[in-house]
Amino acid sequence: MKKKLQTLNMCNFCTHERSSCGAEPILSRNVTLNNGFQLDSQEAVVACDQYESPVELLKKKFH
């Protein structure tokens, strides 16, 4: 029995809008896992070249 891992979509935590950011993300469907694990979503963005954390943006702005 394969163990399912919950995926988090990076786009939900980014300051950019996916449709207009120009990113080249890696989707969970392109990730191969070992040890009998599988991801619960095939469409989640798990790595991105344009990701900008809202927390880091606020740190820069106020520090």
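Structure's up top.
Residues numbered from 1 in each chain as written. Predicted model: local features only at pLDDT ≥ 70, side-chain atom pairs only at ≥ 80, totals over all residues. Heavy atoms only, no water.

Student: In this structure, what is going on with empty space enclosed by the protein? I would like to understand it.
Tutor: Over the atoms, a rolling probe the size of a water molecule traces out where space has been left empty. Taken as a whole and judged by the stated rule, the model has one cavity of 30 Å³ or more. Its boundaries defined by the atoms lining it, the largest cavity holds a volume of some 60 Å³. What lines the largest cavity is M10, C11, C14, H16, E17, R18, C21, V45, C48, Q50 and Y51. Residues that form the lining of the largest cavity fall into these classes: seven nonpolar, two polar and two charged. (1 Å grid on protein atoms, 1.4 Å probe; cavity = no way out; pocket = protein on both sides within 12 Å on 5 of 7 lines; lining within 4 Å. Points joined across faces, edges and corners; volume = space filled by probe spheres on them. Nonpolar A, V, L, I, M, F, W, Y, C, P; charged D, E, K, R; others polar.)

Student: Any chance you could explain the environment of Q42 here in plain terms?
Tutor: Along the polypeptide, Q42 turns up in the loop between β3 (37–39) and β4 (45–47). Q42 sits in the partly exposed class, given a relative accessible area of 40%. Contacts of Q42, omitting those with residues within four sequence positions, involve L27, S28 and R29. (Helix = DSSP H or I, 4+ residues; strand = E, 2+ residues; numbered from the N terminus. Buried < 20%, exposed > 50% of the residue type's maximum accessible area, 1.4 Å probe, protein only. Contact = heavy atoms within 4.5 Å.)

Student: How should I be thinking about the pattern of salt bridges in this particular structure?
Tutor: When their charged atoms lie close together, side chains carrying opposite charge are able to pair. Evaluation of the coordinates by the stated rule reveals two salt bridges. Here E43 and R29 are joined by a salt bridge, their closest N and O atoms 2.5 Å apart. Separated by 14 residues along the polypeptide, E43 in the loop between β3 and β4 and R29 in the loop between β2 (26–27) and β3 bring together distant segments of the chain. A residue is classified by how much of its surface remains accessible, and R29, at 44% relative accessible area, is partly exposed. (Salt bridge = Lys/Arg side-chain N within 4 Å of Asp/Glu carboxyl O.)

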